[in-house]
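Tertiary structure, described
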Amino acid sequence: MKELIKKLVETTGPSGFEHNIREILRKEVEPYADEIRIDNLGNLIVRKGVKTDSNKRIMISGHMDEIGVMVTHVDENGFVRFAAVGGINPLTCVGSRVRFMNGSVGVISIEFGTFGEFFGIQKPTLDKMYIDMGASSIKDCPVKVGYVAAFDRPFEDLGKRLVSKAMDDRIATAIMAQALKDMKSTVNEVYFVFSTQEEVGLRGATTSAYSVDPEIGFAIDVTPTIDTPKGAFNDVKLGNGPAIKVKDSSLVVDPRVVSWMEKAAVKLDIPHQFEVITAGGTDGGAINLTRGGVPAGCISVPTRYVHTPSEMVDYEDVLNCVKLTVELASQPVNLD
Ligand code: CO
Ligand code: ZN
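This write-up is about the structure you can find in this document.

Reading the values: the criteria
- Residues numbered from 1 in each chain as written.
- Chains lettered and ligands numbered in written order.
- Predicted model: local features only at pLDDT ≥ 70, side-chain atom pairs only at ≥ 80, totals over all residues.
- Heavy atoms only, no water.
- Salt bridge = Lys/Arg side-chain N within 4 Å of Asp/Glu carboxyl O.
- Buried < 20%, exposed > 50% of the residue type's maximum accessible area, 1.4 Å probe, protein only.
- Helix = DSSP H or I, 4+ residues; strand = E, 2+ residues; numbered from the N terminus.
- Axes fitted to C-alpha atoms, helices over the stretch in contact; angles between N-to-C directions.
- Left-handed = near helix turned anticlockwise from the far one by under 90°.
- Contact = heavy atoms within 4.5 Å.
- Nonpolar A, V, L, I, M, F, W, Y, C, P; charged D, E, K, R; others polar.
- Donors = N, O, S within 2.8 Å, 3.2 Å for Na, K, Ca; no water.
- Tetrahedral: all angles 85-135°; square planar, octahedral: opposite > 155°, others 65-115°.
- Expected span 1.5 Å × (residues − 1).

Some points on the pattern of salt bridges
- Taken as a whole and assessed by the stated rule, the structure comprises 20 salt bridges.
- Between Arg 26 and Glu 30 there is a salt bridge whose closest N-O contact spans 3.3 Å.
- Overall, the relative accessible area of 26% leaves Arg 26 in the partly exposed class.
- Across the pair Glu 35 and Arg 47 runs a salt bridge whose closest N-O atoms are separated by 2.8 Å. Note that Glu 35 is positioned in strand 1 (residues 35-38) and Arg 47 in strand 2 (residues 44-48), a separation of 12 residues in sequence.
- Among the charged side chains, a network of salt bridges with common partners joins Glu 23, Arg 26 and Glu 30.

So, in structure tokens, the structure goes:
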């Protein structure tokens, strides 16, 4: 599974430009799917099983896009100004490299003189930053207004932990692909949706939830752990197992969904924890609010340093997320 994770996280695919990720996943899941379609927003929608009178139509969503930057201006010396695509943390930008969809690479830095602020107390802002593409003028700059890039950082296997850019949310797409492979059969009709444009407002999940029309659903996404020096306020810890979401700012999870997930984890005897966060949302929020409303939740992958170029997950947690996903997708659903 690590090989697929590496391939997914090292490929560039910011919101709205997920096509290379989609191609990797489509090849990966094709042999295991009953039906595959791609909708108008680029969601890869993979069905397994058929709907009957007694089973459930389940939607599972993990987003293919990652945070990135978009060119807003190139000056006559070839320096590139940019805007965020999704929630970029300015503290992690200076010194970072970005890779554009056309393959060109640049280095982010900040206006001379603001470095004092950067190493001091003030938080740097994106409007003081620029990307140096190695160009000497606007004429030889390989990018122009509207070009889009994502952070560029290789995957590293630290043994117990894996670190890379774009673990949010490629790790979920790898979990879903692996779950589909491991799931020999299902009593349900399951839709694995590899969604687009989550980081800019749950857009792919919004349209795919409407077309899939699930009876129950959940997202798989990362959740921040603050189990680091001077960390506090968040109970979720790396290595303590899949986090069953109870609430975030996009979703109050139906308690029946929380208990459905908890029972499955207990049955499998896998470690698990519960997640309450005050900021951030997932595709689960979009599933919840589609049509007349759908009971929805989220399996969160505990992750350190979310929305930085070095997002860290625990490999045991990842494998347990696969097991939990297979169980929820394949077994009869009883909400009580
Ligand atoms: Co994110
Ligand atoms: Zn995410």
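Resuming the write-up.
Let's talk about the packing of helix 1 (residues 2-10) against helix 4 (residues 167-182)
- For the pair helix 1 and helix 4, interaxial distance at closest approach is 9 Å and the crossing angle is 140°. For the pair helix 1 and helix 4, the crossing hand works out as right-handed. Touching Leu 4, Ile 5, Leu 8 and Val 9 of helix 1 are Met 167, Arg 170, Ile 171, Thr 173, Ala 174, Ala 177 and Lys 181, all from helix 4.
- Taken together, the residues that form the contact of helix 1 with helix 4 break down as eight nonpolar, one polar and two charged.

Quick look at the coordination of the zinc ion (ligand 2)
- The coordination sphere of the zinc ion (ligand 2), as far as protein atoms go, consists of His 63 (NE2), Asp 168 (OD), Asp 221 (OD) and Asp 221 (OD), spread over 1.9 to 2.6 Å.
- Here the zinc ion (ligand 2) binds four donor atoms, and the angle range of 52 to 148° at the metal identifies the geometry as irregular.
- Here the donor residues for the zinc ion (ligand 2) map to a single chain with the spacing H-x104-D-x52-D.
- Metal-to-metal, the separation of the zinc ion (ligand 2) and the cobalt ion (ligand 1) is 3.2 Å; Asp 168 coordinates the two.

Section: helix 6 (residues 255-268)
- Its 14 residues place the ends of helix 6 20 Å apart at the C-alpha level, agreeing with the 20 Å of an ideal helix rising 1.5 Å per residue.
- Regarding helix 6, the residues found buried are Val 257, Val 258, Ser 259, Trp 260, Met 261, Ala 264 and Ala 265.
- Tucked into the core, helix 6 has its buried residues touching strand 13 (216-224), strand 14 (243-248), strand 16 (273-276), strand 17 (296-304) and helix 8 (315-330).
- A positive phi of about 60° marks Asp 269, the residue just after helix 6.

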